[in-house]
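For reference, the chains in residue letters:
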Amino acid sequence: EVQLVESGGGLVQPGGSLRLSCVASGFKFSNYIMGWVRQAPGKGLEWVSGINNGGGGVTNYADSVKGRFTISRDNAKNTVYLQMNSLKPEDTAVYYCAAKLIYKADYDYWGQGTQVTVSS
C-alpha cells in the first residue's frame, strides 16, 4: 500500500520557521520526483516546490516561496523535507506531499496533508 505521511505543521508567528517532513512507503521512493503542494483556505491547489529523483537533487520553487523555503530529500529514509523560513500569513495552508514518476505528468501519489497556520 502506497503511503505518504506528512508531519511538522502547526501554528507559528510571522517571521518564524517550520520544517515539514513526509515519509513515503509502498513504492520505490528514490525513483520518484517529490513535491510539496499547498491549499490555502478557499483557494485552489498551489505547487510550492519540487525535487528530482537524480543524485544531483535539482530543486525548483514557486516564486512566492523562493529564497524562504528549501526542499530536500533523504532516500535512505524515504523522506522529503520542506524547511520554511520567514513565514508569512499568506503561507497559511494545508501542505501536501506528492510523488510522481514522470517530470511533466500529474502527481501519482498524495499525502493527507498537514496544516500550517502563520498568525500572531
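Preceding this section is the structure that the text describes.
Residues numbered from 1 in each chain as written. Predicted model: local features only at pLDDT ≥ 70, side-chain atom pairs only at ≥ 80, totals over all residues. Heavy atoms only, no water.

**Student:** Help me understand the packing of aromatic side chains, please; the structure alone is not making it clear to me.
**Tutor:** For any pair of aromatic rings, the description rests on two quantities: the centre-to-centre distance and the angle between the ring planes. If you walk through the whole model with that rule in mind, you get 5 aromatic pairs. Seen from their ring centres, Phe27 and Tyr32 are 4.7 Å apart, and the 65° between their planes marks the pair as edge-to-face. Here the aromatic rings of Tyr32 and Tyr109 are separated by 5.8 Å at their centres, their planes lie at 35°, and the arrangement is tilted. Of the two residues, Tyr32 sits in the loop between strand E3 (18-25) and strand E4 (33-39) while Tyr109 sits in strand E10 (residues 109-110), which places them 77 residues apart along the sequence. Classification of Tyr32 by relative accessible area gives buried; the value is 10%. (Phe/Tyr/Trp six-rings, centres within 6.5 Å; stacked < 30°, edge-to-face > 60°. Helix = DSSP H or I, 4+ residues; strand = E, 2+ residues; numbered from the N terminus. Buried < 20%, exposed > 50% of the residue type's maximum accessible area, 1.4 Å probe, protein only.)

**Student:** Would you mind going over the state of the cysteines with me for this structure?
**Tutor:** One way to say it: the disulfide is the covalent bond shared by the sulfur atoms of two cysteines. Applying the stated criterion across every chain, the model contains 1 disulfide. A sulfur-sulfur distance of 2.1 Å marks the disulfide that ties Cys22 to Cys97. Sign of the S-S torsion, about -75° for the bond between Cys22 and Cys97, identifies this disulfide as left-handed. With a gap of 75 residues between them, Cys22 in strand E3 and Cys97 in strand E9 (residues 93-100) connect regions that are remote in the sequence. For Cys97, a relative accessible area of 0% puts it in the buried group. (Disulfide = S-S within 2.5 Å.)

**Student:** Whenever I open this one, unusual backbone geometry confuses me. Can you help?
**Tutor:** You will see that Asn78, though not glycine, has its phi angle at about 55°, which is positive. Position of Asn78 relative to the elements: it lies in the loop between strand E7 (69-74) and strand E8 (79-84).

**Student:** Looking at this structure, I do not really get the nonpolar core. What am I missing?
**Tutor:** One recurring pattern in soluble globular proteins: nonpolar side chains tend to sit buried together. Membership of the largest hydrophobic core comes to 28 residues, with the highest contact counts inside it found for Met34, Trp36, Val80, Leu82, Met84 and Tyr95. For this core, the secondary-structure elements that each account for two or more residues are E3, E4, strand E5 (45-51), E7, E8, E9 and strand E11 (114-118). (Core = buried A, V, L, I, M, F, W, Y, C linked by side-chain atoms within 4.5 Å.)

**Student:** Mind showing me how you'd approach the pattern of salt bridges here?
**Tutor:** Two side chains of opposite charge can pair, provided their charged atoms sit close to one another. For the coordinates displayed, the defined rule picks out 4 salt bridges. Notably, a salt bridge pairs Glu46 with Arg38, separated by 2.7 Å at the nearest N-O pair. When its relative accessible area of 30% is taken as the criterion, Glu46 is described as partly exposed. The partner of Arg38 in a salt bridge is Asp91, and the shortest N-O contact between them spans 2.9 Å. Separated by 53 residues along the polypeptide, Arg38 in strand E4 and Asp91 in the loop between E8 and E9 bring together distant segments of the chain. Residues Arg38 and Asp91 agree in their burial class; the two are buried. Each of the salt bridges in this network shares a partner with another, and the network as a whole consists of Arg38, Glu46, Arg68 and Asp91. (Salt bridge = Lys/Arg side-chain N within 4 Å of Asp/Glu carboxyl O.)

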